[in-house]
Amino acid sequence: MESSLYSVAYDELPRMLTFPSSSYETAMEALSSLITRQKRADRSPIGGKFSKLERMTMYIKILGMEEDIDKLRIIHVAGTKGKGSTCTFCEAILRESGFRTGLFTSPHLVDVRERFRLDGLEISQEKFLEYFWDCWNQLKAGVDEDLPMPPLFQFLTVLAFKIFIAEKVEVAVIEVGLGGKKDSTNVIKEPVVCGVTSLGMDHTETLGDTIDKIASHKAGIFKPKVPAFTVYQPSKAMDVLHQRADELQIPLEVVSPLNPEKLKGAKLGLSGDHQFTNAGLAVSLAKRWLLNTGNWDKLFQHNVSNDSELPEAFIRGLSTAHISGRAQIVQDSHIRINFPAAGRNSSGELTFYLDGAHSPESMEACASWFCNAVNETNDRQHLSVTCQNGNLKRLSNGYVEHTAETADECNRPRKLVLLFNCMDVRDPEVLLQKLVSTCSDSGTHFSKALFVPSMSSYNKVTSANSGIPSPAERKDLTWQFNLQKIWEKMIHGKDVVHEQFPMGNRENSRPPYFLSEKVPVSCPWDKDFATSAVMPSLPLTIKWLRDCVRENPSARVQVLVTGSLHLVGDVLKLLR
């Protein structure tokens, strides 16, 4: 996913940015200067005589990496939904099989280093700075009027190649940023294997407004003599993928979702039924990579009795794979850590369910996962939980075993809250309708929907250590009021009076009254109680939610955070 326009021109950057610096934030400022669009819907101002892929090839030549990139043994994955998860499964499988792995994904949620994983771990700050300034300085010295510095995503892509070559990874798993045919990653000439995950309607302003146009972009990563895999697709999309494969005379295999029985009792490391589709594709991609590199027989010829059986390394990889912001559960321990004298049972419980779904198809999958997660009462150890206080026992497959005391707390009456924002290029009515209808089908209803602006800026790269905006900082809430209007119209069938929490003296405002024990839960059939509110800022929203559960001992508040990966990343940053 590519980003936007920074106000400082390249030649106006402080001189210090052209030399190695120990300051990580200085590197973030340099990256921000590469953002070429104010918002996602804008067209990039980078033009000139060269196309994007021609420029990418020239950047790679400046860095002297042409031959080295060709030697990387790459798995290249495109798609609309699940490509990050599929790549994560692939990396984990091959790492557990004994290979040194590199994984490049996008976007990042909290820190840009999340995009670059070595052996399953994000690159260290020290190594990042070393490779970053090496690339930066060489490119600054080599560009000219016809070849300006690369925009952000192109720079990050060449940086990924630089890191993986220098670190001598044995397999590089590369996620396409946007589309495929014209994507910056498509300078890869001959990957070992290609994959296309589930396709849907997203990025239509760039890829086209029909599923077959979108599929044509995705099929652009197919290469001669390189086997390709995909999952079941809408018929028009599948026709396009097969047509492109036939033109290149390459095999295109359609993969079924992974049969859970093949895991031999283990659970996928990524939650949600839709992950079995991604896992099935990842298994096929990893196996084909092993076969084509001559490693399958070396490793598994005598350990696998038949073709349908998964090697133990595959099961370990599938069960330990992890990726932030996708079907992730975080139990907020802020109250117990900061108010230990209050006692374990003198405050409520606050749990965040985070999923960056932002297309109709992914929103449906998100809603199904959320409903299953909050309705699970008997076998809670199967929930993929992140607990910040370390009091829960983490099992070998990445899941969490809850103590009896934790299970008792879960018997408290619950209130479900939606925390939502989306970019203005999305259709919020479609997203919210898909969310509500899917949840309603399982009898799940929200007590309140909160619409809040994101903290992060589209035209600035920040890190985990970047400052958090002051709650007093005013933001334009026009878009959030529009979201609220859509929600209330959908829930009540008519426009209602907007509710906004006090703008003055925000820091000392009382917690939202809708979570008070004395206020009944508002469900879609309650016509007399507004089901939503516009919140002035995200930090204040988190503070208010924490105040609520601290002051209401019986409250068990479960918050679904969705609609935007930017929003999910901002919440994760605040919870850290």
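All of these numbers come straight from a predicted model, not from anything done at the bench.

### Quick look at the overall build of the protein
Looking only at helices and strands, the protein features 19 helices and 17 strands. Taking all 576 residues of the protein together, 57% fall into the buried category. When contacts within the protein are restricted to residue pairs at least 6 apart in sequence, long-range pairs at least 24 apart make up 80% of them. When the accessible surface of the protein is summed, it comes to about 23700 Å², and 49% of that surface belongs to carbon and sulfur atoms.

### Focus on the sheet that holds strand 4 (residues 121-122)
Pairing between sheet strands relies on hydrogen bonds along the backbone, with the strands arranged either parallel or antiparallel. The strand order across the open sheet built from eight strands is 4-3-2-5-1-6-7-8, with neighbouring strands paired in mixed fashion. Both outer strands of the open sheet, strand 4 and strand 8 (252-255), are each paired with one neighbouring strand and no more. As judged from the three bridges shared by strand 6 (residues 193-196) and strand 7 (residues 228-231), these two strands associate in the parallel manner. Looking at strand 7, one finds that Cys194 is bridged to Ala228.

### Let's talk about the packing of helix 18 (residues 538-551) against helix 19 (residues 565-575)
Contact pair helix 18 / helix 19: the axes reach a minimum separation of 10 Å and the direction vectors enclose 55 degrees. Judged by the inter-axis angle, helix 18 sits oblique to helix 19. Between helix 18 and helix 19 the crossing geometry is right-handed. Residues Leu538, Pro539, Ile542 and Arg546 of helix 18 lie in contact with helix 19, whose contacting residues are Leu567, Asp570, Val571, Leu574 and Leu575. By residue class, the composition of the contact of helix 18 with helix 19 is seven nonpolar, no polar and two charged.

### Some words on a negative patch on the surface
Residues Glu66, Glu67, Asp68, Asp70 and Glu190 make up a contiguous surface patch of negative charge. In this structure, Asp68 sits in helix 3 (residues 66-71).

### Focus: the packing of aromatic side chains
Applying the stated criterion to the full structure yields 20 aromatic pairs. Measuring from centroid to centroid gives 5.8 Å for Phe128 and Phe132, while their planes differ by 20 degrees, and the two rings are stacked. A residue pair is termed a helical-turn pair when its members lie 3 or 4 positions apart in one helix, as Phe128 and Phe132 do in helix 5 (residues 125-142) at four residues. Both residues of the pair, Phe128 and Phe132, belong to the buried class. Arranged with centres 5.8 Å apart and planes meeting at 25 degrees, the rings of Phe132 and Trp136 form a pair that is stacked. Separated by four residues within a single helix, Phe132 and Trp136 lie in helix 5, roughly one turn from each other. The same class applies to Phe132 as to Trp136, namely buried. Clustering of aromatic rings is evident, with ring pairs tying together Tyr24, Phe104, Phe116, Phe128, Phe132, Trp133, Trp136, Phe153 and Phe155.

### As for the nonpolar core
Membership of the largest hydrophobic core comes to 46 residues, with the highest contact counts inside it found for Leu31, Phe128, Phe132, Phe155, Leu159 and Phe164. Broken down by element, this core gets its largest block of residues, ten residues, from helix 6 (residues 152-166). Residue contacts for Phe132: discarding those within four places in its chain leaves Ala27, Ala30, Leu31, Phe155 and Leu159. Ranked by size, the runner-up nonpolar core spans 39 residues in total, among them Leu103, Val193, Leu268 and Leu270.

### So, the UniProt feature "binding site: Mg(2+)" (unreviewed entry) in the protein
UniProt annotation of "binding site: Mg(2+)" (unreviewed entry) refers to Ser106, Glu175 and His203 when read in the numbering used here. Inspection of the secondary structure assignment puts Glu175 in strand 5 (residues 171-175). Residues in contact with Glu175, not counting those within four places in the same chain, are Val77, Lys83, Gly84, Cys87, Phe104, Thr105, Ser106 and Thr185. Along the chain, the position of His203 falls in the loop between strand 6 and helix 7 (204-207). For His203, a relative accessible area of 10% corresponds to the buried category.

### Observations concerning the pairing of strand 6
Going residue by residue along strand 6, you find Val193 and Gly195 tucked away on one face and Cys194 and Val196 tucked away on the opposite face as well. Note: strand 1 (residues 74-78) against strand 6, four bridges, orientation parallel. Bridging across to strand 6, Ala78 finds its partner in Val196.

### Description of the side chain of Gln233
Tracing the chain through its elements places Gln233 in the loop between strand 7 and helix 9 (235-248). Relative accessible area serves as the criterion here: at 12%, Gln233 is assigned to the buried category. A polar atom in the side chain of Gln233 sits 2.9 Å from the backbone nitrogen of Leu199. A polar atom in the side chain of Gln233 sits 2.9 Å from the side chain of Thr230. Ignoring any residue separated from it by four or fewer positions in sequence, one finds Gln233 in contact with Val196, Thr197, Ser198, Leu199, Met238 and Leu241.

### Quick notes on the UniProt feature "binding site: ATP" (unreviewed entry) in the protein
This chain's UniProt record puts "binding site: ATP" (unreviewed entry) on Arg326 and Asp355. The annotated residues occupy 30 residues of the chain but converge on a single region, no pair of C-alpha atoms lying more than 4.5 Å apart. Mapped onto the elements, Arg326 comes out in the loop between helix 12 (312-320) and strand 9 (328-331). Beyond its immediate sequence surroundings of up to four residues, Arg326 is in contact with Ser106, Pro107, Leu109, Leu354, Asp355 and Leu565. At a separation of 3.1 Å, a polar atom in the side chain of Arg326 contacts the main-chain carbonyl oxygen of Ser324. Other than its neighbours up to four places away in sequence, Asp355 contacts Gly325, Arg326, Ala327, Cys366, Trp369, Val561, Thr562, Gly563 and Val568.

Cut-offs and rules
Residues numbered from 1 in each chain as written. Predicted model: local features only at pLDDT ≥ 70, side-chain atom pairs only at ≥ 80, totals over all residues. Heavy atoms only, no water. Helix = DSSP H or I, 4+ residues; strand = E, 2+ residues; numbered from the N terminus. Buried < 20%, exposed > 50% of the residue type's maximum accessible area, 1.4 Å probe, protein only. Contact = heavy atoms within 4.5 Å. Areas by Shrake-Rupley, 256 points an atom, 1.4 Å probe, with all protein chains shown as cover. Pairing = 2+ DSSP bridges. Axes fitted to C-alpha atoms, helices over the stretch in contact; angles between N-to-C directions. Parallel < 35°, antiparallel > 145°, perpendicular 65-115°, else oblique. Left-handed = near helix turned anticlockwise from the far one by under 90°. Nonpolar A, V, L, I, M, F, W, Y, C, P; charged D, E, K, R; others polar. Patch = residues over 30% accessible without salt bridge, like charges linked within 9 Å, V, L, I, M, F, W, Y side chains within 5 Å. Salt bridge = Lys/Arg side-chain N within 4 Å of Asp/Glu carboxyl O. Lys, Arg positive; Asp, Glu negative; His and termini not counted. Charge placed at Lys NZ, Arg CZ, Asp CG, Glu CD. Phe/Tyr/Trp six-rings, centres within 6.5 Å; stacked < 30°, edge-to-face > 60°. Core = buried A, V, L, I, M, F, W, Y, C linked by side-chain atoms within 4.5 Å. UniProt positions renumbered as here; feature names shortened; annotations may be inferred. Polar contact = N/O pair within 3.5 Å; in protein donor to acceptor, adjacent residues only side chain to side chain.

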